[in-house]
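Structural description and commentary
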Amino acid sequence: MQAKVYVTLKKGVHDPQGEAVCRTLEAMGHKGISNVRIGKYIEVKLSEMSDSEANAKLEEICEKLLANTVIESYRYELER
């Protein structure tokens, strides 16, 4: 079983890395890009367990390690 975890900054949180990428894209001649937000993508391989156990485990590791829930949101997808 594998989980794909997506961690992104919450709306309203300043993203200097995203701003730098946006400015660089504009400097490279890419027009029409007004905002870039940078996040994290994490793959977690889980041993076989029920979906409810996997969801509970992922909630715990996201809350305690993978995301800073003060400034970041997360979501995940489970694949068997």
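Residues numbered from 1 in each chain as written. Predicted model: local features only at pLDDT ≥ 70, side-chain atom pairs only at ≥ 80, totals over all residues. Heavy atoms only, no water.

Our next topic: the overall build of the chain. What the chain contains, in helices and strands, is two helices and three strands. For the chain, the spread of C-alpha atoms along the principal axes amounts to about 50 × 25 × 15 Å. In the chain, buried positions account for 28% of the 80 residues. Of the contacts made within the chain by residues no fewer than 6 positions apart, 71% connect residues no fewer than 24 positions apart. (Helix = DSSP H or I, 4+ residues; strand = E, 2+ residues; numbered from the N terminus. Buried < 20%, exposed > 50% of the residue type's maximum accessible area, 1.4 Å probe, protein only. Contact = heavy atoms within 4.5 Å.)

Okay, helix H2 (residues 51-66) next. If you check H2, its first and last C-alpha atoms are just 20 Å apart, much less than what 16 residues at 1.5 Å a residue would give, namely 22 Å. Among the residues of H2, those classed as buried are Ala 54, Leu 58, Cys 62 and Leu 66. An end-on view of H2 places all buried positions within 65° of arc, on one side of the element. Among the exposed residues of H2, those pointing more than 90 degrees away from its buried face are Ser 52 and Lys 64. (Expected span 1.5 Å × (residues − 1). Arc of directions from axis to C-beta.)

This part is about the nonpolar core. Judged by nonpolar contacts, the single largest core of 15 residues is most densely connected at Val 5, Val 44 and Leu 46. Elements represented by at least two residues in this core include exactly strand E1 (2-9), strand E2 (39-45), H2 and strand E3 (72-79). The element that contributes the greatest number of residues to this core is H2, accounting for four residues. Among all residues touching Val 44, those that are not within four sequence positions of it are Met 1, Gln 2, Ala 3, Val 5, Ile 61 and Leu 66. (Core = buried A, V, L, I, M, F, W, Y, C linked by side-chain atoms within 4.5 Å.)

Our focus in this paragraph is the environment of Ile 38. Position of Ile 38 relative to the elements: it lies in the loop between helix H1 (16-27) and E2. Separated by 40 residues in sequence, Ile 38 and Leu 78 have C-alpha atoms that sit 22 Å apart. Sequence-distant contacts of Ile 38, that is, excluding residues within four places in its chain, are made with Leu 9, Asp 15, Gln 17, Gly 18 and Val 21.

If you walk through the whole model with that rule in mind, you get six salt bridges. Glu 60 is paired through a salt bridge with Lys 64; the nearest N and O atoms lie 3.3 Å apart. One end of the pair is Glu 60 and the other is Lys 64, both in helix H2 and four residues apart, which spans about a single turn. Its relative accessible area of 44% is what places Glu 60 among the partly exposed residues. Salt bridges linked by common partners bring Glu 48, Asp 51 and Arg 80 together as one network. (Salt bridge = Lys/Arg side-chain N within 4 Å of Asp/Glu carboxyl O.)

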